[in-house]
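The chain contents come next:
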Amino acid sequence: MKDFLKQRRYDKAYLRMAKTWASLSHCERKKVGAIIVKDGMIISDGYNGTPAGFDNCCETNSGETQWYVLHAEANAILKVAKSTNNCVGSTLYQTLSPCKDCSKLILQAGITKVVYISEYKDTAGIDFLKNAGVETVHIEEIDENGE
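Being a predicted model, the structure only gives us computed values, none of them experimental.

What counts and what doesn't
Residues numbered from 1 in each chain as written. Predicted model: local features only at pLDDT ≥ 70, side-chain atom pairs only at ≥ 80, totals over all residues. Heavy atoms only, no water. Helix = DSSP H or I, 4+ residues; strand = E, 2+ residues; numbered from the N terminus. Rg over C-alpha atoms; globule rule 2.2 N^0.38 Å. Buried < 20%, exposed > 50% of the residue type's maximum accessible area, 1.4 Å probe, protein only. Areas by Shrake-Rupley, 256 points an atom, 1.4 Å probe, with all protein chains shown as cover. Axes fitted to C-alpha atoms, helices over the stretch in contact; angles between N-to-C directions. Parallel < 35°, antiparallel > 145°, perpendicular 65-115°, else oblique. Left-handed = near helix turned anticlockwise from the far one by under 90°. Contact = heavy atoms within 4.5 Å. Nonpolar A, V, L, I, M, F, W, Y, C, P; charged D, E, K, R; others polar. Expected span 1.5 Å × (residues − 1). Core = buried A, V, L, I, M, F, W, Y, C linked by side-chain atoms within 4.5 Å. Pairing = 2+ DSSP bridges. Right-handed = clockwise from strand over helix to strand, strands pointing away.

1. Quick word on the overall build of the chain
In terms of helices and strands, the chain carries four helices and five strands. Ordered by position in the sequence, the α and β elements of the chain form the string α-β-β-α-β-α-β-α-β. Rg of the C-alpha trace for the chain: 15 Å, near the compact-globule value of 15 Å for 147 residues, within the 12% margin. Projecting the C-alpha coordinates of the chain onto the three principal axes gives extents of approximately 50 × 30 × 30 Å. Within the span of the chain, comprising 147 residues, buried residues form 44% of the whole. Accessible area for the chain stands at about 8,600 Å²; split by element, carbon and sulfur atoms hold 50% of it.

Here you go:
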């Protein structure tokens, strides 16, 4: 039980970091943040937004998300791909559960655990990960004290 409580404290701390990272997003509709942790160290981070070199406007004039906007977890995984590190055996912390497309990236990257705050409107992504044996943890309440 003591190990569970200690892990939960860490989970909530990383989720708070993901929320802070989400605040960097220029998207109006939804701001999402992601942190990847491996062996007790943060190896990557990301938030949803446009590719490097593009205008930071994520939505069309009618309010729809631009097709080329990258999701937070995709950005975090792509950052790892550019580094000397890898995601095998890591944990992904994110403010919103992954969509179907990002779930495929998560599984293929070797991430073994996903911890998230809010559930995406379509649960097919998280269902896919569960069926594939990826541990998923939904933590709705995260306060500033880590309790």
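2. So, the packing of helix α2 (residues 72-81) against helix α3 (residues 100-109)
In contact at an axis separation of 9 Å, α2 and α3 are set at 30° when each is read in the N-to-C sense. On the basis of the axis angle, α2 is roughly parallel to α3. The hand of the α2/α3 crossing is left-handed. Contact residues: α2 offers E73, A74 and I77, while α3 offers C102, L105, I106 and A109. Here the residues of the contact of α2 with α3 sort into six nonpolar, no polar and one charged.

3. Regarding helix α1 (residues 2-22)
An α-helical turn contains 3.6 residues, so a residue and the one three or four places further along point in the same direction. Spanning 21 residues, α1 covers 30 Å between terminal C-alpha atoms, matching the ideal 30 Å at 1.5 Å per step. Listing the buried residues of α1 in full gives D11, K12, Y14, L15, R16, A18 and A22.

4. Considering α2
With seven of 10 residues buried, α2 lies mostly within the body of the structure. Along its buried surface, α2 packs onto β1 (33-38), β2 (41-47), β3 (91-96) and α3.

5. Brief notes about the nonpolar core
Ranked by internal contacts, the top residues of the largest apolar core, which has 19 residues, are I36, L92, I106, I111 and V114. Elements represented by at least two residues in this core include exactly β1, α2, β3, α3, β4 (113-118) and α4 (124-131). No other element matches α2, which puts four residues into this core. Excluding residues within four positions of it along the chain, I106 makes contact with E73, I77, L92, Q94, P98, I111, V114 and L129.

6. Overview of the pairing of strand β5 (residues 135-138)
As paired elements, β4 and β5 share four bridges and run parallel to each other. Residue pairing in the sheet places K113 in a bridge with E135 of β5. With α4 bridging β4 and the parallel β5, this β-α-β connection has right-handed handedness.

7. Things to note about the side chain of S97
Within the element layout of this structure, S97 appears in the loop between β3 and α3. For S97, a relative accessible area of 2% translates into the label buried. Beyond its immediate sequence surroundings of up to four residues, S97 is in contact with Y116, S118, E119, Y120 and I126.

Treat this as a map of the structure, not an account of what it does.
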